[in-house]
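The residues making up each chain are set out below.
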Amino acid sequence: MNSMTETPPVVLTFAATDPSGGAGLQADILALASIGCHPLSVVTAITVQDTVGVESVMALDADWINDQARAILEDVQVSAFKLGLLGSVENIAIIAEIMADYPDIPLLIDPILTSGRGDELANEDMQAAMCELLFPQATLITPNSLEARRLAFYDENEEIHNSSLEESALRLLELGAEYVLITGTHERSHDVVNSLYGSSPTGASGLIKAYHWERLSGIYHGSGCTLTSAIAACLAHGLSMEEAIQEAQEYTWQTLKNAFRPGMGQFIPDRFFWAREDDELASDIKTTFIQH
């Protein structure tokens, strides 16, 4: 073993397990490794689920979250944090304390509220805790359009389904997040439009860029986990936020285009699609993500 081998960029994910390998901790690890990072992981909860849906969630005790994270962070230097399903208000609070000790490391949050089938995974108290404790520290949050509306108006009794995505994004930015990327899979549009919001050079908050992607026909398990992990990986490799978001979206779209259906439910993104292809595109992807 060559002791002088350069260490790849390291990303730490906090997420729940998924026995199907479609989403959650397993999805994060696969995506991070595929893009040339070394994944570290903190288990926040254990789920009973398959490719169809989530049957139950058992959140770990917050002390276990703290001990897992503190042990590895005292040993290894990380380049980015990624948060997924967190399990409980107590877990959110302890993770917020941990993140506060590392303010210079990018924090990316995929605020998971429901499963693809619609199973509730974050109650109102958890949503409030994310908004009040974690979003003010976030470099980027990546809600889908349904999550963005719910989170933006978490403390009000409004008809949130009538609010615009821009209004939702601006409210999320007001909570303290530096950037908000709202994914548009759930919107009724011909293409999937993902919209990045943040502050302009003049200091005003608003839309930075809208990304249009061909809408694929399948129903996918773990696309949000894949996208946020891919952005974290690209940032860890030294890309700017806009470069990371562009490259991560291209990677994620390719994982969905090459998705497979191992069970009776949803399709699973193929995070290592490039390793199973022998064409010019796969070569370009491999060069971009592995040799960057």
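To be clear, the structure that these remarks concern was listed above.
This text gives an overview of the structure that appears in the document. All chains use their own residue numbering, which begins from 1 and follows the written sequence. Per-residue local features are limited, in this predicted model, to residues with pLDDT of at least 70; the limit for side-chain atom pairs, both in listing and counting, is 80 or more; totals at the level of whole chains, interfaces and linings are taken over all residues. Each side-chain value is derived from all of the structure's non-hydrogen atoms; neither hydrogens nor water enter the calculation.

**A word on the overall build of the protein chain**
So, step 1. Each helix is a run of H or I in the DSSP string that is no shorter than four residues. Each strand is a run of E no shorter than two, and both are numbered from the N terminus. Counting its secondary structure elements, the protein chain contains nine helices and nine strands.
So, step 2. Against the globule reference of 19 Å for 292 residues, the protein chain gives a C-alpha radius of gyration of 18 Å, in line with a compact fold.
So, step 3. Taken along its principal axes, the extent of the C-alpha atoms in the protein chain is 55 × 50 × 45 Å.
So, step 4. Here's how the labels work: a residue is buried when its accessible area is under 20% of the maximum for its type, exposed when over 50%, partly exposed in between, all with a 1.4 Å probe on protein chains only. Looking at the protein chain as a whole, 52% of its 292 residues are labelled buried. Just to be clear, the radius of gyration here is over C-alpha atoms, and the globule rule we use is 2.2 Å times residues to the power 0.38.

**Looking at helix α4 (residues 124-134)**
So, step 1. Turning to α4, its buried residues are M126, Q127, A128, A129, M130, C131 and L134.
So, step 2. The backbone nitrogen of D125 lies 3.1 Å from a side-chain oxygen of the residue at the head of α4, namely N123. The definition of a polar contact used here is a pair of N or O atoms within 3.5 Å, where within protein one atom must be able to donate a hydrogen and the other to accept one, and adjacent residues in sequence count solely through side-chain atom pairs.

**Some points on the pairing of strand β1 (residues 10-16)**
So, step 1. Within β1, seven of the seven residues are buried, leaving the element largely enclosed by the surrounding structure.
So, step 2. Bridge count for β1 against strand β2 (residues 38-49) is seven bridges, and the pairing is parallel. Along β2, the bridge assignment pairs L12 with L40.
So, step 3. Handedness of the β1-helix α1 (residues 24-34)-β2 crossover: right-handed.
So, step 4. Strands qualify as paired when DSSP identifies two bridges or more between them. Bridge count for β1 against strand β4 (residues 80-83) is four bridges, and the pairing is parallel. Of the residues in β4, the one forming a bridge with F14 is L83. Looking down the strands as they point away from you, a crossover is right-handed if its path from the first strand over the helix to the second goes clockwise.

**Side note on a negative patch on the surface**
So, step 1. Only residues whose relative accessible area exceeds 30% and that form no salt bridge enter a patch; like-charged residues are grouped when within 9 Å of one another, and nonpolar side chains (Val, Leu, Ile, Met, Phe, Trp, Tyr) when within 5 Å. The method behind every accessible area is Shrake-Rupley, applied with a 1.4 Å probe, and residues are considered shielded solely by the protein chains displayed. Every case where a carboxyl oxygen of Asp or Glu lies within 4 Å of a side-chain nitrogen of Lys or Arg is listed as a salt bridge. Asp and Glu are treated as the negative residues and Lys and Arg as the positive ones, with His and the ends of the chain left uncounted. To locate a charge, take atom NZ for lysine, CZ for arginine, CG for aspartate or CD for glutamate. On the surface, D61, D63, D67 and E90 cluster together into a negatively charged patch.
So, step 2. With respect to the helices and strands, the residue D61 is situated in the loop between β3 (54-59) and α2 (62-73).

**A few points about the packing of helix α5 (residues 145-152) against helix α6 (residues 165-174)**
So, step 1. Angles run from 0 to 180 degrees between N-to-C directions of axes, and those axes are lines fitted to C-alpha atoms, restricted for helices to the stretch in contact. Where α5 meets α6, the axes come as close as 9 Å, and the angle between the chain directions of the two elements is 55°. Classed by the angle they form, the pair α5 and α6 counts as oblique. Here α5 runs over α6; the crossing is left-handed. Contacts from S145, A148, R149, L151 and A152 in α5 reach L165, S168, R171 and L172 in α6.
So, step 2. Polar here means any residue outside two lists: the nonpolar Ala, Val, Leu, Ile, Met, Phe, Trp, Tyr, Cys and Pro, and the charged Asp, Glu, Lys and Arg; Gly therefore counts as polar. A class-by-class count of the residues in the contact of α5 with α6 yields five nonpolar, two polar and two charged. An angle counts as roughly parallel when it lies under 35 degrees, as roughly antiparallel when it exceeds 145, as roughly perpendicular when it falls between 65 and 115, and as oblique in every other case. The sense of a crossing depends on the near helix, which, turned anticlockwise from the far helix by less than a right angle, makes the crossing left-handed and, turned clockwise, makes it right-handed. Any two residues whose heavy atoms approach within 4.5 Å at even a single point are treated as in contact.

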